[in-house]
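Observations on the three-dimensional arrangement
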Amino acid sequence: MELLFEKSRPGRSHGYLPACDTPVYSFDSSLLRETDAAFPALSENDISRHYSALEERTYGVNDGIYPLGSCTMKYNPKINEQCAALPGFTDIHPLQNRDTVQGCMEVMDLLKRDLCEITGMDAMTLQPAAGAHGEFTGMMLIKRYHELRGEGEIRNKVIVPDSSHGTNPATGAMNGLTVVSIPSAEDGSVDLEALKAAVGEDTAGLMLTNPNTLGIFDKNITEITRIIHEAGGLCYYDGANLNAVMGVVRPGDMGFDCIHLNLHKTFSTPHGGGGPGAGAVGCKEFLKDYLPEDISAAYPGVCFGENSIGKVRSFQGNFLVAVRALAYVLSLGREGVRKSAQTAVLNANYLKALLADTYEMANPGLCMHEFVMTMQKEHKETGASALDIAKGLLDEGIHPPTIYFPLIVHEALMAEPTETESRESLEKTADIFRRVYEKALADPEAAHHWPVSAVIGRPDEVTAARKPVLRWHSDN
Ligand SMILES: *Cc1c(COP(=O)(O)O)cnc(C)c1O
């Protein structure tokens with residue numbers, strides 16, 4: 001597909017702009033460019049067709065199921081978008097006097113209150129811009145706690161199970177902590193003996209996702225947090241995805257001291273295209289003073305408590321993400337939040353049961369909001385891989401699940417259907433998954449060349465990640 005720059009023709013335009021009615025300021029010539037910027041010259045029709053063609057090439061939750069495990073690609077009710085588009089929320093400035101944005105302040109306060117209730121925490125900040133940013137902030141609170149007790153130097157290790165999301169060890173390392181990875185038990189839960197062996201006077205804390213990336217709710221969770229607390233460490237809950245538990249159980253009651261939530265996963269902000277997110281961070285009362293919160297009444301004069309870790313992002317974070325989250329929580333209500341989690345778990349188990357005769361499951365039995373299949377045996381015997389299945393699903397017109405994650409499962413396919421898919425949609429998806437599996441095993445050689453219908457089939461993913469071509473040069 002040609003870029004707008006390549007479609008450009010000198011002189012072509014769509015000149016609706018009115019004549020400039022403000023005084024023209026003459027900049028010093030040293031500040032001016034020597035040649036005009038090479039903006040593409042296009043007719044309105046060219047532009048309209050270009051963006052329609054781009055739209056046809058993308059796939060989103062509005063097109064069909066998007067069962068990307070650990071990502072929660074679910075349908076986000078349009079009413080939340082409508083709320084976030086209200087002029088009272090969009091036409092404001094972060095430096096506006098506090099008296100004039102009372103409604104916005106209230107939105108943030110109400111959301112913090114509701115998220116505290118859902119998670120069992122005592123205080124929240126909405127500042128962090130994403131999940132990984134929230135983890136970083138949360139672990140800073142934990143570090144500050146040890147520092148103020150004079151143990152900052154000794155407590156320099158963070159324990160992370162090997163089933164964890166990659167951002168967890170990265171967060172520990174970014175905070176200057178040594179990451180201690182502990183193996184999972186046979187059933188995918190935390191190996192208690194390995195945990196006991198890993199804790200000590202140097203333990204700053206534990207980072208855990210529960211249910212974990214295998215979709216398993218750890219039955220020993222209170223024992224796990226007790227072991228960490230007994231050793232003097234704190235417990236961090238990676239709540240990027242709260243779909244399985246919200247309204248049912250609370251991380252605060254499981255013994256966790258600090259948590260982040262991805263409002264752009266569970267709480268209704270569309271994501272995946274690099275748009276704005278929010279990694280709200282909650283904590284128990286004893287960590288509250290370290291939060292990066294503006295505690296002064298004289299907004300916008302920023303004032304933090306003397307023990308605060310300081311600001312982690314400008315102003316109040318991605319405020320419109322908070323508006324959507326509040327609209328979502330309030331429209332679901334107490335019962336709706338709980339039902340949403342129950343439906344997410346029911347849907348995952350239904351899809352898992354429909355697929356269990358075809359795909360080998362990494363963990364048989366009931367799951368929470370997601371489950372992991374493995375192509376390990378098939379790959380060894382026939383060469384058909386998880387990657388082949390994912391590419392084959394593209395040809396069938398649906399988005400593939402997450403692949404090769406979690407790392408502890410070989411040839412993994414990790415599916416999270418979410419609560420917003422209907423029974424018919426799940427059954428149709430299961431049919432497609434089975435069909436692709438059968439086709440792959442019938443002709444593994446052909447499967448290595450899937451997809452046949454997509455515009456881009458098998459890019460060199462390493463080069464694409466390491467040396468992305470993000471700029472267009474006119475001399476290309
Ligand atoms: C998505 C996710 C993250 C990271 O969130 P980002 O907003 O992408 O930074 C962290 N942990 C888990 C378990 C996740 O699923």
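For the structure itself, consult the block above.
The numbering scheme is per chain: residues are counted from 1 as the chain's sequence reads. pLDDT decides what is reported in this predicted model: residues at 70 or higher carry local features, side-chain atom pairs at 80 or more are listed and counted, and totals for whole chains, interfaces and linings draw on all residues regardless. The basis for every side-chain value is the complete set of non-hydrogen atoms in the structure, without hydrogens or water.

**Focus: the pattern of salt bridges**
In what follows, salt bridge is the name for a side-chain nitrogen of Lys or Arg lying within 4 Å of a carboxyl oxygen of Asp or Glu. Applying the stated criterion across every chain, the model contains 20 salt bridges. Among the salt bridges present, the one from Arg324 reaches Glu81, with a minimum N-O distance of 2.9 Å. Within this pair, whereas Arg324 is found in helix α11 (residues 319-355), its partner Glu81 is found in helix α3 (residues 78-84), the two being separated by 243 residues in sequence. Buried means the residue's accessible area, taken with a 1.4 Å probe over protein chains only, is under 20% of the maximum for its type, while exposed means over 50%, and partly exposed covers the values in between. Its relative accessible area of 13% is what places Arg324 among the buried residues. Strands here mean DSSP runs of E at least two residues long; helices mean DSSP runs of H or I at least four residues long; both are numbered from the N terminus.

**Quick look at the layout of surface pockets**
Using only the protein atoms, space was sampled on a 1 Å grid; points where a 1.4 Å probe fits but cannot get out form cavities, open sets with protein on both sides within 12 Å along at least five of seven lines form pockets, and lining residues are those with an atom within 4 Å of a point. Grid points are joined across faces, edges and corners, and a volume is the space filled by probe spheres set on the points. In this structure, the largest pocket spans a volume of roughly 780 Å³. Surrounding the largest pocket, 24 residues form its lining, Tyr59, Leu394, His399, Pro400 and Ala454 being those nearest its centre. Of all the secondary structure elements, the ones that give two or more residues to the lining of the largest pocket are α2 (44-57), α13 (386-395) and β10 (402-403). Here the lining of the largest pocket gets 4 residues from one element, more than from any other, and that element is α13. Any residue that is not Ala, Val, Leu, Ile, Met, Phe, Trp, Tyr, Cys, Pro, Asp, Glu, Lys or Arg is counted as polar, Gly included; the first ten are nonpolar and the last four charged. A per-class count over the lining of the largest pocket returns 15 nonpolar, 5 polar and 4 charged.

**Brief notes about the pairing of strand β11 (residues 412-415)**
Alternating positions in β11 separate into two faces, Ala412 and Met414 on one and Leu413 and Ala415 on the other, with burial throughout. Note that strand β9 (residues 371-374) and β11 share 4 bridges and pair antiparallel. Its bridge partner lying in β11, Phe371 is registered against Ala415. Strand pairing follows a simple DSSP-based rule, namely that at least 2 bridges must link the two strands.

**As for the site of the ligand**
Whether a residue is near a molecule or strand is decided by its heavy atoms; if any one of them lies within 4 Å of it, the residue is near. Around the ligand, 13 residues are found, and the nearest of them are Gly131, Ala132, Asp238, His264 and Lys265. Under this definition, polar contacts are N or O atom pairs within 3.5 Å; protein pairs additionally need one hydrogen-donor-capable and one acceptor-capable atom, and for neighbouring residues in sequence, both atoms have to be side-chain atoms. Side-chain polar atom of Asp238 to a nitrogen atom of the ligand: 2.6 Å apart, as the coordinates give it. Surface accessibility follows the Shrake-Rupley procedure with a 1.4 Å probe radius. Residue values consider only the protein chains on display as shielding. Burial of the ligand by the surrounding chains reaches 84%, relative to a free accessible area of 390 Å². Here the shell around the ligand gets 3 residues from one element, more than from any other, and that element is helix α6 (residues 131-148). When the residues that make up the shell around the ligand are grouped by side-chain class, the tally is 3 nonpolar, 7 polar and 3 charged.

**Describing the sheet that holds strand β8 (residues 360-361)**
Strand order in the open sheet formed by 4 strands is β8-β9-β11-β10, with antiparallel pairing between adjacent strands. Since the sheet does not close on itself, it has two edges, and those belong to β8 and β10, each with one partner. Alignment of β10 against β11, held across 2 bridges, turns out to be antiparallel. Paired with Thr402 across the two strands is Met414, which belongs to β11.

**A word on a nonpolar patch on the surface**
Each patch is assembled from residues with relative accessible area greater than 30% and no salt bridge, linking like charges that lie within 9 Å and nonpolar side chains (Val, Leu, Ile, Met, Phe, Trp, Tyr) that lie within 5 Å. A grouping of Tyr25, Phe27, Leu31 and Leu32 is seen on the molecular surface, where their side chains present a nonpolar patch of about 500 Å² in accessible area. As for its placement among the helices and strands, Phe27 is situated in the loop between α1 (4-7) and α2.

**Thoughts on the side chain of Thr125**
Counting through the fold element by element, Thr125 comes out in strand β1 (residues 123-125). On the basis of relative accessibility, which here comes to 0%, the residue Thr125 falls in the buried class. There is a polar contact of 3.2 Å between the side chain of Thr125 and the backbone nitrogen of Gln127.

**Structural notes on the nonpolar core**
By convention a nonpolar core is built from buried Ala, Val, Leu, Ile, Met, Phe, Trp, Tyr and Cys residues, the set being connected through side-chain atoms within 4.5 Å. Within the largest apolar cluster, 52 residues are counted, with the highest numbers of intra-cluster contacts made by Leu115, Leu195, Leu263 and Phe267. If one sorts the elements of this core by residue count, α11 sits on top with 11 residues. Here, residues are in contact when the closest pair of their heavy atoms is within 4.5 Å. Ignoring any residue separated from it by four or fewer positions in sequence, one finds Leu195 in contact with Ile159, Ile182, Val190, Leu206, Ile224, Ile227 and Ile228. Grouped together as the second largest cluster of nonpolar side chains are 26 residues, Leu351, Ile398, Ala415 and Tyr437 included.

**Description of empty space enclosed by the protein**
For the coordinates displayed, the defined rule picks out 2 cavities of 30 Å³ or more. Counted as a void, the largest cavity has a volume near 140 Å³. Together, 14 residues line the largest cavity, and Ser70, Thr209, Pro211, Asp238 and Asn241 are the ones closest to its centre. Of the residues assigned to the lining of the largest cavity, the class counts are 3 nonpolar, 8 polar and 3 charged. Of the voids in this model, the second largest cavity is the one considered here, and its volume is about 60 Å³. Taken together, the residues of the lining of the second largest cavity sort by class into 4 nonpolar, 6 polar and 1 charged.

**Quick word on helix α5 (residues 102-119)**
Under the 1.5 Å per step criterion, the end-to-end length of α5 is 26 Å for 18 residues, consistent within 8% with the ideal 26 Å. What α5 keeps buried is the set Cys104, Met105, Val107, Met108, Leu111, Lys112, Asp114, Leu115, Cys116, Ile118 and Thr119. Just downstream of α5, Gly120 is the residue with a positive phi angle, here 80 degrees. To estimate the expected span of a helix, count its residues, drop one, and scale the result by 1.5 Å.

**Some words on unusual backbone geometry**
Residue Pro211 follows Asn210 across a cis peptide bond; omega there is 0 degrees. For Pro211, the location among the structural elements is in the loop between β4 (203-208) and α9 (221-230). For the bond from Trp450 to Pro451, the omega torsion is 0 degrees, close enough to zero to count as cis. Of note, Pro451 is situated in the loop between α15 (444-447) and α16 (461-466). With phi around 70 degrees, Ser268 is a residue other than glycine that occupies positive phi space. Along the chain, the position of Ser268 falls in the loop between β6 (258-262) and β7 (279-283). A relative accessible area of 0% places Ser268 in the buried class. In the Ramachandran plot, Tyr404 falls in the positive-phi region, its phi being about 55 degrees despite a non-glycine side chain.

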